[in-house]
Structure formats: structure tokens, C-alpha cells
Amino acid sequence: MSARDLFTFRNRHFTTGVGVTAAILIVTAIGGFIVLPFAQPWVQFANVWDAICSAAGLPQRTATVAAPEQTRRLSGVVLTSSTLSRSSQEAIGRGATLAQRCAICHGPTGISRADSPNLAGQYAAVIYKELHDFRSGARTNAVMSPFAVGLTDQEIADLSNYYAYLPRLPAYHPTPQLPKPNIVIYGAPMRGIAPCGSCHGSLDNKTGSPWLEGQSDAYMKAQLEAFATGERRNDISQQMRNIARAMTPQEIEQAAAYYASQPPDVVKAVD
Amino acid sequence: MLANKKLILAHFWLAFAVFGVALTLGAWQMFIRSPIGTWLSNPELYYRSLTAHGTVMGYVFPTLVAMAFGYAISESALEQRLVGVRWAWAGFWLIVAGSIMAVIPIALGRASVLYTFYPPLIGNVFYYLGVVLVVVGSWIWVALMSINLRVWRKAHPGAPVPLAMFANVAGSYLWAWTAVGAALELLLQIIPVAAGLKATIDAGLARVFFSWTLHAIVYFWLMPTYIAYYTIVPRAIGGRVYSDTMARISFILFLVVAMPIGMHHTFADPQVGAGFKFIHSAFTALVALPTLLTVFTICASVEIAARLRGGRGLFGWIRALPWDNPMMLALAFSFVMLGFGGAGGLINMSYQLDASIHNTQWITGHFHLIFGGAIVIMYFAIAYDLWPHLTGRELIDLRLIRTQLWLWFVGMIVTTFPWHWVGILGMPRRMAYFDFSDPAIAPQALSVTLSAVGGFMLLTSGVLFLVILARGMRAPQADAGPYRFALAVHQPATVPVALNTYALWVGLMIALTLTNYGYPILTLALNEGTSVPAVYVGAQ
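Residues numbered from 1 in each chain as written. Chains lettered and ligands numbered in written order. Predicted model: local features only at pLDDT ≥ 70, side-chain atom pairs only at ≥ 80, totals over all residues. Heavy atoms only, no water.

As recorded by an unreviewed UniProt entry, chain B carries the name Cytochrome C oxidase subunit I and is attributed to Bradyrhizobium forestalis.

Enquirer: Tell me about the overall build of chain A, and name the residues and values.
Expert: Across its full length, chain A carries 14 helices and 0 strands. Ordered by position in the sequence, the α and β elements of chain A form the string α-α-α-α-α-α-α-α-α-α-α-α-α-α. Computed over its C-alpha atoms, the radius of gyration of chain A comes to 29 Å, more than 25% above the 18 Å expected for a compact globule of 271 residues. Seen along its three principal axes, the alpha-carbon backbone of chain A occupies a region of about 90 × 50 × 45 Å. In chain A, buried positions account for 42% of the 271 residues. (Helix = DSSP H or I, 4+ residues; strand = E, 2+ residues; numbered from the N terminus. Rg over C-alpha atoms; globule rule 2.2 N^0.38 Å. Buried < 20%, exposed > 50% of the residue type's maximum accessible area, 1.4 Å probe, protein only.)

Enquirer: Got a sec to walk through the interface of chain B and chain A? Specific residues and values, please.
Expert: In this complex, chain B contributes 34 residues to the contact, which on the side of chain A involves 32 residues. Together chain B and chain A conceal approximately 2900 Å² of surface at their shared face, both sides included; 75% is due to carbon and sulfur atoms. One can count 0 salt bridges joining chain B with chain A. Where chain B meets chain A, there are 2 residue pairs in polar contact (both at pLDDT 80 or more). (Contact = heavy atoms within 4.5 Å. Buried area = accessible area lost by both parts, 1.4 Å probe. Salt bridge = Lys/Arg side-chain N within 4 Å of Asp/Glu carboxyl O. Polar contact = N/O pair within 3.5 Å; in protein donor to acceptor, adjacent residues only side chain to side chain.)

Enquirer: So what about the domain arrangement of chain A? Which residues, and what values?
Expert: Residue and element names in this part refer to chain A. What the domain assignment reports for chain A is domain 1 (10-56), domain 2 (89-165) and domain 3 (182-270). Residue-level contacts link 13 residues of domain 2 with 16 residues of domain 3. Roughly 1300 Å² of surface becomes buried between domain 2 and domain 3 when both sides are summed, with 46% attributable to carbon and sulfur atoms. The interface formed by domain 2 and domain 3 holds 1 salt bridge in total. Where domain 2 packs against domain 3, one counts 12 residue pairs in polar contact (both at pLDDT 80 or more). (Domains from an automatic or database assignment.)

Enquirer: Talk me through unusual backbone geometry; I want residue IDs and the actual numbers.
Expert: A cis geometry characterises the amide bond from Pro119 of chain B onward to Pro120 of chain B, with omega recorded as 10°. Topologically, Pro120 of chain B is positioned in the loop between helix H3 (85-107) and strand E1 (121-122). Located in the positive-phi region is Ser237 of chain A, a residue other than glycine, with phi close to 55°. Within the element layout of this structure, Ser237 of chain A appears in the loop between helix H11 (217-229) and helix H12 (239-246). We classify Ser237 of chain A as exposed; its relative accessible area is 66%. The phi dihedral of Leu114 of chain B is positive, around 65°, even though this residue is not glycine. Along the chain, Leu114 of chain B turns up in the loop between H3 and E1.

Enquirer: Please provide a residue-by-residue account of the packing of helix H4 (residues 125-155) of chain B against helix H5 (residues 163-194) of chain B, values included.
Expert: A packed helix pair is summarised by two numbers, namely the angle formed by the two axes and the spacing between the axes. Residues and elements named next belong to chain B. Close contact between H4 and H5 brings their axes to 9 Å; oriented N to C, the two are set at 155°. The orientation of H4 with respect to H5, classified from their angle, is roughly antiparallel. By crossing handedness, the relation of H4 to H5 is classed as left-handed. The class makeup of the residues in the contact of H4 with H5 is 24 nonpolar, 4 polar and no charged. (Axes fitted to C-alpha atoms, helices over the stretch in contact; angles between N-to-C directions. Parallel < 35°, antiparallel > 145°, perpendicular 65-115°, else oblique. Left-handed = near helix turned anticlockwise from the far one by under 90°. Nonpolar A, V, L, I, M, F, W, Y, C, P; charged D, E, K, R; others polar.)

Enquirer: Mind laying out the nonpolar core, listing which residues take part and the relevant values?
Expert: Phe12, Phe61, Tyr71, Tyr127 and Tyr128 of chain B are the most contacted members of the largest nonpolar core, which totals 184 residues. With 17 residues, helix H13 (residues 361-391) of chain B is the largest single contributor of residues to this core. (Core = buried A, V, L, I, M, F, W, Y, C linked by side-chain atoms within 4.5 Å.)

Enquirer: Run through a nonpolar patch on the surface, naming residues and quoting values.
Expert: Residue and element names in this part refer to chain A. On the surface, a nonpolar cluster with roughly 500 Å² of combined accessible area is contributed by Ile26, Ile30, Ile34, Val35, Phe38 and Val48. In terms of residue count, the dominant contributor to the nonpolar patch is helix H2 (residues 12-38) (5 residues). Tracing the backbone shows Ile34 in helix H2. (Patch = residues over 30% accessible without salt bridge, like charges linked within 9 Å, V, L, I, M, F, W, Y side chains within 5 Å. Areas by Shrake-Rupley, 256 points an atom, 1.4 Å probe, with all protein chains shown as cover.)

Enquirer: Describe the environment of Leu466 of chain B, and please don't skip the residues or the numbers.
Expert: Residue and element names in this part refer to chain B. Relative to the helices and strands, Leu466 resides in helix H15 (residues 445-472). In sequence terms Leu466 and Trp39 are 427 residues apart; their C-alpha atoms lie 30 Å from each other. The contacts of Leu466, once residues within four sequence positions are left out, are Trp13, Phe16 and Gly20.

Enquirer: Give a description of H4 of chain B that names residues and reports values.
Expert: The first and last C-alpha atoms of H4 of chain B sit 46 Å apart over 31 residues, in line with the 45 Å expected at 1.5 Å per residue. Among the residues of H4 of chain B, the N-terminal cap falls to Asn124 of chain B, whose side-chain oxygen and the backbone nitrogen of Phe126 of chain B are separated by 2.8 Å. (Expected span 1.5 Å × (residues − 1).)

This is the structure:
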């Protein structure tokens, strides 16, 4: 027998096979596209075609209500893993000149004695994002905002490149290295808190997350508290606010104290 | 007549060697995640291991077993030398190359995306290329199976294709078509992003493509097992296949309805319309049919064997079965696991019930019970049955074989039953760490510990299996005679053309793919602005 004998309505295998398959398809299609949509009393359809389109997943513009107006500025910075990954000597040089005005708080070598962040050797993408946010108003600070407001895109990039280029030096508040607290290496899974170390070093680094080793204890604590209260809100999709809100005051202290006690050369090991 | 023993043995050994490695990783994962292990502080290592475990167990191991068994069937059932041996070796080496290429980025932590890929997560491009090579290698096998059958048909015009070969080629066609979904996802979407040509990816479309592959791949894994049910077990226990026609219909049904049902994996996905989810759900219910047919036919075939051995009574014949025969034991274990796993599967496929167990450990329990349990235990049985014919040496220690099968069965039950249970309690899957000191999940600690113990039983059984096969290579020589498949009670003299060829059924499979997948894929592909930035694994 050949294919000609197979694909003919005289062959009952053909008629039964195709017929049963088609029948099942039609019955399930009627069920899925007409019966079930109308079986949902909480959804209203204008007509059968409307129900079919809805069941087929046809994208519809149903939102007649305008999205609520955003009153506060959001961070508009887009970072990728290659943002500012290639810096030139000229950019670093220009950044060094510009950085003169930052030195009063962040230190001439990028190491702060004023509980401001140490910037020496910080990831360029991190400084880039924070400066942009200060400039746009997504992040505000009485001291930083006026400095950032006049910066051009080029100046922000140059500053970021310069600070990223500086060697990571030991901080001014040496304390004995503390053991890793649970919040840093385990997080708190039941409260939806990822380990600090999964983004900020110790375990892994994620684009846009600063390394924290040797940073000021008081500064980190203040930032976590600002995230928790919603005072600081330039984190994308509320990642840090969600975490900080769920942290206990004790965990905030532990995390800040732990990172403050670490020498920055640990960062190099995980880079 | 097994002429290319070296080829078949090479496939089997590679399959079982990588199986051993992946099994060890699996046991380690269960240990490290359970309350008895100390947390290793780095979840990345866990996901690295999980990716390797899934990639090997999902793509490399079952594919190699299906290929080895397929070559053996082609030579022994058709009684003709394999046509295209060089191509077969090329396919084998492609799989070797692909596996190595995929495993290196995984080991370096550059491809911890799990074997299901999960875009927008993007790993190293060589990982995906490696997987593609494995699939291409297996497509060579698909082509060879088809060509060998064609050669045989020319020599035997109109004759019924032996059941084993009929099922084998059906399985190969199913694989050829079902692999297309993941191939499209890899070639059109993931690899361009992984290679740096694009930076965004439509994750929703990728998930729909993958669902095309993800369900029917299980039936591809299942094929060797079902072929063994029908064509090895009855012969090994001294019975006959109850119905050759029923067997053919089962395999045909698998071919038609195993593939256009994959969207029950995307019940929680917003990008797929509810109507299509319903159609896929209904067709998933249909795929239970060939399994029920098979269970019936095989039980009847086993009963024939028992009655031939003097079994009497309504159920009294069960005692007359050769329970010391490893093949009988494997079949019984496989059926028990298939029963529980299948019942769980019916829950997964129903839209409402799925909502309560979606993405929980229940799912992990389900597919380990079906694949690791019902399917893999028959892979063991196939290897035990073929080994003397491949090596020309006898497997002497039946006791050890029975111990291995018992351990695997008990181990799999102990592993997966607690998983189902904690899944109902809500434990999510794909988690590297659980804090069992938290009162909310502390009561689950016992179940998770139990399942880890099961994991180590499985590891022990796996090691035993490899030891038995390795010892089989050095046993005294013995002629096992020609390799034969079970005969039916009524051995077919002629078979209707529809039950002897595939054109109609492959046509229906493709038609159902168009009706069930065409619209969702088209709308997702044509919709603008549905792509999201890729998240590169290991990027700083």
C-alpha cells in the first residue's frame, strides 16, 4: 500500500484519526474560548468575539485610568555590566582635577575622615549612578546635591573613572575584623532578604552595587535606615528599600559593623 | 544480530558515566540543602551543580541511552547491519564534543542558568552551543533510524515493521520534532544574545518555545522504557505480548499528542492566553490514554506468563510470576512509580490544582519519580538485558542486580514522597538554602532530611549499577545467542498501512502544533516591546 491509499477517506484509520483529532480540537476550543470565558461571572465581555480575543491572549488596552502621577523623581540611570568599563588616561586626569572639590569630605586620596563614603577604588558604575541621581534629585543630600547639580555628563563620567582608578587604601577606623554575620552570608530567606554578600561582595558582585569593605559604620547604618524609612529612594525597583524594611535594627548594626571592619584588599580578591 | 557492538557499548558507557557524575552532584545538592548539611555560603555553587545535573540528566544521558538502544533495536529487530555506521560515530563524537563544550562554562560558573535556560538569564555562549551539538548529534541518529527502516522496507515490501523498530522510529520522530522548539529558542533568541549581538530578549516567547520541547522530551525519555515494557519484559519472563496492535496504537498516540500539550508548563505565565492553556490541558489529559493502554496490555502480557507458569485464580497468578528475575522486578517497580508519578501528573495538568503546587518541591518530586524512577529503572533493565549480548559475557550476580534495583526503587520513593509532601506545604523549588531554624518551616526539616537519605540510597544504587556493568565486562565469556524481542500472542502477518507507517501521525502531530502553538507564537513574535534586558550570569 502506498501513501495514496493512506490519505484517502476510504481508509478508516485516516478518517477516524483525523476526525477524532479534529473533533477533540473543536470541542476543547469551544470550551476554552467561548464556554469558559463566559463562565467567569466577574469578567464582562461585549460579545463572543471579545471573549475569544481575551482567551487567545490578544493584548488589549483596557487601562482607561491614567497611571498615578509620580510625585518624586525616580532614578533614570541605566547601567550595564560594561558601563564605563574602559577608561582613558585623559578621563582619569580630568577627573583628578575635578575631584579637588570632593576632597574636603571624601579625602584627598579618596579615603574619608568624615564618615562620608571612601571612594578610592569604588566601581565606576556606582559613582556614576549616584552622581546622576544627586543631579536629577532622585537622591538628595544637603551637602552633595549642590555639588552635583552643576556637573555635566562628561564630568560625572570623568570623576567616576578617576575614583575607580585610585588604589584601595585601608580606612581610618581600623577595628579587628569581625566574623561574617548571618545577614551577610545567608540573608534571611524567610523574610525575602538576600544575603548582603550576594551583591555587595563577599559572595558575588552585581552591577551598580558598591563594595562596602572599610566604609564608615555610621554612614552604612544611616543609609540602611534611610532606605527602611523611605527617605532614600534611588534604588531600582525598591531592591534596597524592600531589604532594609525587613531587616531588624540588630541586623542593620551587624551588617554595618561587619563591612566597616573589613580591609578593602578583600575586595580585590573577589573582583 | 548485533554487529556494531562497539558503537552501542560506547553510547551506553558514555551515558552511564555521565549519569554517575550527575547522580553524585544530585546527592550533594540534596545534602547541602537539607538540615544535615552545613550551608556552603555560596548559592552560586549550588546552581552550578544544579545546571550540570539537569543538563546531563535531561539532555545527554537519556539521549545516549535512546540512541544506543535504538541502534541495538535496528540491528536485531530488522536483522540487518546498521546502515551509516560512520555517521553514527560522527553523531556520538558530536555529543562528546557538545557535552565537553557545555560542561566547561558550567564548571567555571559562567552558565548557571539551569538546563531549562530561563531567559532573560544568559550564560556563556559555549554552553548553548554545546547543547546544540548534543541535539544535532541526536538528529543524526533520528535520520539513521529512518534510513535503516527505509532500507529494510525496500527489502521487505509490505511486511509489518517489527514492533520494537516501529516504536523506536516513532520515538525518534517525536524527538526530532519536539527538539525544534528549544532549537528555535536557542538559535533565534538565546545564542544571539549570548554572543553579544543583541542585549534584549523576549523571555515570554522563549518560555513558550521551550514548553514545545519540555513536555514531549519526557516522552522521548520514556520511549526506551515503553519499548522495554512491550518487547523485552514479556520475553524475559516467558510470556507474550497481549496485543501487537494495542502496542502500535499506544506509540502512535504518543507521537500525536505528546507534543502539542507543553503549555501546561506555562499555566502561571501571563503571556499565554487562557483559551490555549485550556486546550493544552485537555490534550494533556489525552496523553494519559496511551499509558493506560500500556499498563493494561503489559499486565495482560504478564498474566499470560504467569498462567503459562501454572498460576491460577483471579489474582493468585501474581504469585506464580518469576519474582527473582530482575526484569520482572524492574517492571513492577517501574509500574508502581509510574502509577504514583502519573497520578501526580494528572494534578499538574489541571489548571486549578496546579495553582497550589506550581513551582514547589512537588514538581521536583513528580519528575524525579517519573523520569528518575519509572523510566531510569527500565534503562537499568535494558542495560542488564543487552549487556551479555554486547560483551559476550554473562552477568552472573543476579542477587546484586536485584539489590541494586530494590535500592533504586526504595531510594526513589524515600526521595520523592517527602518532596511531594513539602511541596504541598508550599516549599518552593530551585532554592539553594532553607533556614530550618525558622519556626515557619522547622516542621519540614524531617521530611527534607528523609529525602536526602533517599538521595544517598540512589547514589549507592547508581554506584552498584556501574560496578555490575564493569564486572560484566570481565566475566567469563558465554554466548548469549541472538538478541530477540518478545512475540505477540497473535504475531501480525499483515498490518494496516496506517499502523505500519508514520506519515499520517506525523502529519497530525505537526497540524496540532500549528493549531495549538501557531497563534501564541506568532502574536508574541510580532508584538513590539516585549523584550527585556538580558541578565548575564557572572557579569559584575
